[in-house]
Amino acid sequence: MALTEKYGELIQKTFAKYPDKRSAVMPMLHLAQQEYGWVSPEGIQEVAEICEMDPTQVKSIAGFYTMYSESPKGKYWLQVCTDLACALGGADKFYEDLKAELGVEDGGTTEDGLFTVEHVMCLAACDKAPMLQCNFHFEEKLDMEKMRKRLAEWRAEAAKAK
Amino acid sequence: MNILLRGRDIPDLHKLDVYLKHGGYEGLKKALSMKPAEVIELVKASGLRGRGGAGFPTGLKWSFIPQNEPVKYVTVNCDESETGTFKDREIIETNPHQLIEGALICAYAIQATAVYIYLRGEFWDQGHALDGYIEEARKAGLVFDNIAGSGWSCPVYTHLGAGAYICGEETALLESLEGKMGQPRVRPPFPANKGGGLYGEPTVINNVETLTNVPWIMVQGAEEYKKIGTEQSAGTKIFCVSGHVEKPGNYELPLGITMRELLYTHAGGIRGGKQIKAILPSGGSGPIMRVNGNDDAILDTKLSYEDMAKAGSILGSASIIVMDEDTDIAWVATKAIQFFKHESCGKCTPCREGTYWLEKVCERIMANEAQLSDIDLVSNIAKNMQGMTLCALGDFAANPIIHTVKLFPEDFKKHIAQPSAPAVKKAAQPAPAGD
Ligand SMILES: Cc1cc2nc3c(=O)[nH]c(=O)nc-3n(C[C@H](O)[C@H](O)[C@H](O)COP(=O)(O)O)c2cc1C
Ligand code: SF4
Ligand code: FES
């Protein structure tokens, strides 16, 4: 029970918010994903024990919501909005160029394991298209020049972390 | 005038000391000096209507909550996932305390046990920042225990979703908060009734923008609020303008200004001096409006709940997506249906199957591989979904098809497979328009 040991206080604080332990399942899945990089089978098991739920129920909840990743992702998970409002601002072309730059298909991960790219629906930043979220942080008003700079920064950051 | 986006006029308004210096939490203190029922009457008298899309009168909604139930909740809807909508995000980033204050006034008015602010999971940074603002307010004695020395207590919590548009639908939101899949509930019972709300208790669900109006109304009074806007649509509204305009962004303006004023005076007109062709006034979900160029009288439509309905569309959440003359409306419809197919929760058959088939046929049309009869086919599938689904998403998904086919048939017909023309084999072509 790595999560309970490591995050006991946070878990108790989360429980205190709700009259029902089950309501903590979403925050706990977020916690598991942060800890392990994805919602792994062990993560599901731990969350089920924490929330006193059936693991299959936890799994179906994890499957319902798109932010819970049920397979390992790259260190930087790039979610590019190609929904209507962004597409009118050039998002489709931007996404094509980004995939070409990284040499991956939609949903793919670069060979070095650094970047996963995926197209997503509206992220509430339509006035700043093209845009994406990298590990759920907003990156807005992008073009390929700006993007190449960010990619280089992330590569440098990852190299430093090693 | 900015009631909601005051953060544009006052630097650092998100900080509690700055907010307090500018009259912050005075509305709450005023409310606490009144009887709960009087607060509800005041909000009723202001004419405030829900900004989440349906425009339901806010005070009336609060008055449905039974007084004698011991446990009641307020849930704040910050799921903001409709295509083209980005107003609640600016509020929670730049004026978060006014939302917290508004939610507390609502909580006091219905004598709620707790407030939950439900944020879409992608508002990860914003949600954590909001936790910080709530903590600041707690230290100042403005939330949780003995609020502003009144003896009344109410906690305020945030809850992050995890990527599902349907959780903006109020009963799906409640399911999600209860730790379940975000699937809409069968009504009745309604959320305001025992058995229908959060954990089965009577619950008010209001949009972020709705509640952020409330502190201003408390301080300035219902009459002052009613002076802004139109007879049936009081107050200001944040219009989210995106697409082919020179200056996309949020514009807070009195309800009842014309579309022309919004798009040309404020949003800088159509990009590159082009002509306007169409407007989606409520993101992907409301009926599209056909505009035949920059001089079209439809641009004189007033942006109010009543005038937009008269013009055959809706004001909804006022996420106004603008398309210029080069835009292929069949492509727009395809984008919209791809959204709804992706976001259908799958609970009821007409929506699950309908969006699946609509996407398939629309993609066939975009690949220039469809027959003329496919245009009727999509209309028929969409019409068969209308009114047949458990929640409004089914109707939202039917709208972009029904109205685009009706108003822009030529844009669909040009994709119909010609035996001689080489077919372009690719689903959902990139925007042919100005990018
Ligand atoms: C599919 C669907 C999605 C919705 N998404 C949102 C949303 O993101 N935010 C919101 O405030 N209301 C949304 N609504 C409307 C809510 O169900 C509800 O009417 C609203 O939150 C009530 O608040 P109000 O009275 O302040 O407008 C959605 C409705 C449907 C059917
Ligand atoms: S209409 Fe669609 S989104 Fe709504 S409950 Fe039915 S399947 Fe789910
Ligand atoms: S359409 Fe891309 S952020 Fe809204």
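Residues numbered from 1 in each chain as written. Chains lettered and ligands numbered in written order. Predicted model: local features only at pLDDT ≥ 70, side-chain atom pairs only at ≥ 80, totals over all residues. Heavy atoms only, no water.

> Where do I start with the pairing of strand β7 (residues 276-284) of chain B in this structure?
Look at any regular strand and the pattern is simple: side chains alternate between the two faces of the sheet. All names here are of chain B. The element β7 is largely enclosed, with a buried count of nine among its nine residues. Pairing of β7 with strand β9 (residues 319-324), which is carried by four bridges, proceeds in the antiparallel orientation. Opposite A278, over in β9, you have M323 as the bridge partner. Two strands pair when backbone bridges link them, and β7 and strand β8 (residues 289-290) are joined in this way by two bridges, in the antiparallel orientation. Of the residues in β8, the one forming a bridge with A278 is R290. Taking the residues that link successive antiparallel strands as the turn, the β7-β8 hairpin has four residues. (Buried < 20%, exposed > 50% of the residue type's maximum accessible area, 1.4 Å probe, protein only. Helix = DSSP H or I, 4+ residues; strand = E, 2+ residues; numbered from the N terminus. Pairing = 2+ DSSP bridges.)

> Before we go on, may I ask you to explain empty space enclosed by the protein in this structure?
Any empty space left between atoms is shown by rolling a water-sized probe over those atoms. All names here are of chain B. Per the counting criterion, the structure on display carries one cavity of 30 Å³ or more. Computed from the structure, the largest cavity encloses a volume of approximately 90 Å³. Lining the largest cavity we find 14 residues, and of these P184, C345, C348, C351 and C391 sit closest to its centre. Mapped onto the lining of the largest cavity, the elements with two or more residues apiece are α14 (349-366) and α16 (393-407). Considering only residue class, the lining of the largest cavity consists of eight nonpolar, four polar and two charged. (1 Å grid on protein atoms, 1.4 Å probe; cavity = no way out; pocket = protein on both sides within 12 Å on 5 of 7 lines; lining within 4 Å. Points joined across faces, edges and corners; volume = space filled by probe spheres on them. Nonpolar A, V, L, I, M, F, W, Y, C, P; charged D, E, K, R; others polar.)

> Even after reading the chapter, I still don't get the site of ligand 2, so can you show me in this structure?
Residue and element names in this part refer to chain B. Close to ligand 2 lie 13 residues, the nearest being C345, K347, C348, C351 and C391. A molecule is said to occupy a pocket when more than half its atoms come within 2 Å of that pocket's grid points, and by this definition ligand 2 occupies the largest cavity. Looking at side-chain class alone, the shell around ligand 2 contains eight nonpolar, four polar and one charged residues. (Near = heavy atom within 4 Å. Sits in = over half its atoms within 2 Å of the grid points.)

> Explanation requested: the site of ligand 1 in the structure shown.
All names here are of chain B. The local shell around ligand 1 holds 19 residues, among which G52, K61, N206, N207 and T210 are the closest. Within the backbone of R51, a nitrogen or oxygen atom sits 3.3 Å from an oxygen atom of ligand 1. At a separation of 3.0 Å, an oxygen atom of ligand 1 approaches a polar backbone atom of E170. Protein contacts shield 90% of the accessible area of ligand 1, which totals 610 Å² for the unbound molecule. Mapped by element, the contributors of at least two residues to the shell around ligand 1 are β4 (203-207) and α16. Of the residues that make up the shell around ligand 1, three or more belong to each of domain 1 (6-225) and domain 3 (329-413). (Polar contact = N/O pair within 3.5 Å; in protein donor to acceptor, adjacent residues only side chain to side chain. Areas by Shrake-Rupley, 256 points an atom, 1.4 Å probe, with all protein chains shown as cover. Domains from an automatic or database assignment.)

> Quick question: what am I supposed to make of the side chain of S319 of chain B here?
Relative to the helices and strands, S319 of chain B resides in strand β9. For S319 of chain B, the side chain forms a polar contact with the side chain of S317 of chain B, separated by 3.1 Å.

> Looking at this model, I keep getting lost on the packing of helix α5 (residues 87-94) of chain B against helix α9 (residues 208-220) of chain B. Mind explaining?
Geometrically, a packed helix pair is captured by the angle between its two axes and the distance between the axes. Residues and elements named next belong to chain B. Running from amino to carboxyl end, α5 crosses α9 at an angle of 45°, the nearest separation of the two axes being 9 Å. With respect to α9, the axis of α5 lies oblique. Note on element contacts: α9 touches α5 through V208, E209 and T212, opposite K87, D88, I91 and I92. The residue inventory of the contact of α5 with α9, partitioned by class, reads three nonpolar, one polar and three charged. (Axes fitted to C-alpha atoms, helices over the stretch in contact; angles between N-to-C directions. Parallel < 35°, antiparallel > 145°, perpendicular 65-115°, else oblique. Contact = heavy atoms within 4.5 Å.)

> Explanation requested: the interface of chain B and chain A in the structure shown.
Accessible area lost when the parts come together is the quantity often used to give the size of an interface. Taken together, the contact between chain B and chain A spans 61 residues of the former and 42 residues of the latter. Of all residues in chain B, the largest losses of buried area upon contact with chain A belong to W124, A162 and K335 of chain B, amounting jointly to 16% of the total for that side. On the surface where chain B and chain A come into contact, there are two salt bridges. Summed over the shared surface of chain B and chain A, the number is 22 residue pairs in polar contact (both at pLDDT 80 or more). Broken down by secondary-structure element, the contributors of at least two residues to the side of chain B that touches chain A are β2 (114-119), α7 (124-139), β3 (156-160), α8 (170-177), β5 (236-243), β9 and α13 (329-343) of chain B. At seven residues, α13 of chain B tops the list of elements feeding residues into the side of chain B that touches chain A. Across the side of chain B that touches chain A, the residue classes tally to 27 nonpolar, 22 polar and twelve charged. (Buried area = accessible area lost by both parts, 1.4 Å probe. Salt bridge = Lys/Arg side-chain N within 4 Å of Asp/Glu carboxyl O.)

> Sorry if this is basic, but what is going on with the nonpolar core here?
One broad rule of soluble globular proteins: the nonpolar side chains tend to lie buried together. The biggest cluster of nonpolar side chains holds 165 residues, and the ones touching the most others in it are Y65 of chain A together with W62 of chain B. Considering each element in turn, this core owes the most residues, ten residues, to helix α6 (residues 96-110) of chain B. If we ignore the near neighbours within four places in the chain, the residues touching W62 of chain B are I40, V43, C106, A109, I110, V204, N206, L211 and V214 of chain B. If you look at the next biggest cluster of nonpolar residues, it comprises 24 residues, including L255, I257, I276 and V322 of chain B. (Core = buried A, V, L, I, M, F, W, Y, C linked by side-chain atoms within 4.5 Å.)

> Mind showing me how you'd approach the sheet that holds β7 of chain B here?
All names here are of chain B. The five strands lie next to each other as β6-β5-β9-β7-β8, forming an open sheet whose pairing is mixed. What marks the edges here is a single partner per strand, and that holds for β6 (249-254) and β8. Contacts from α13 reach β7 and β9, with the element oriented near 10° to β7.

> I'm lost on the confidence of the model for chain B in this one. Help?
Low pLDDT means the predicted atomic positions in that stretch should not be read closely. Per-residue confidence for chain B gives a mean pLDDT of 95, with 96% of residues at or over 70. The complex prediction reports pTM at 0.96, with the ipTM value standing at 0.97. (pLDDT = per-residue confidence, 0-100.)

> Where do I start with the domain arrangement of chain A in this structure?
Splitting chain A by domain gives domain 1 (2-64) and domain 2 (76-161). One C-alpha centre belongs to domain 1 of chain A, the other to domain 2 of chain A; they are set 29 Å apart.

> In this structure, what is going on with α14 of chain B? I would like to understand it.
Side chains of residues three or four places apart in an α-helix project in the same direction, reflecting 3.6 residues per turn. Residues and elements named next belong to chain B. A rise of 1.5 Å per residue sets the reference length of α14, with its 18 residues, at 26 Å; its end C-alpha atoms lie 25 Å apart and thus fit the reference within 8%. Taken residue by residue, α14 has C351, G354, T355, L358, E359, V361, C362, I365 and M366 as its buried positions. Of the surrounding elements, those touching the buried residues of α14 are α13, α15 (373-385), α16 and α17 (409-413). N368 lies just past α14 and shows a positive phi near 55°. (Expected span 1.5 Å × (residues − 1).)

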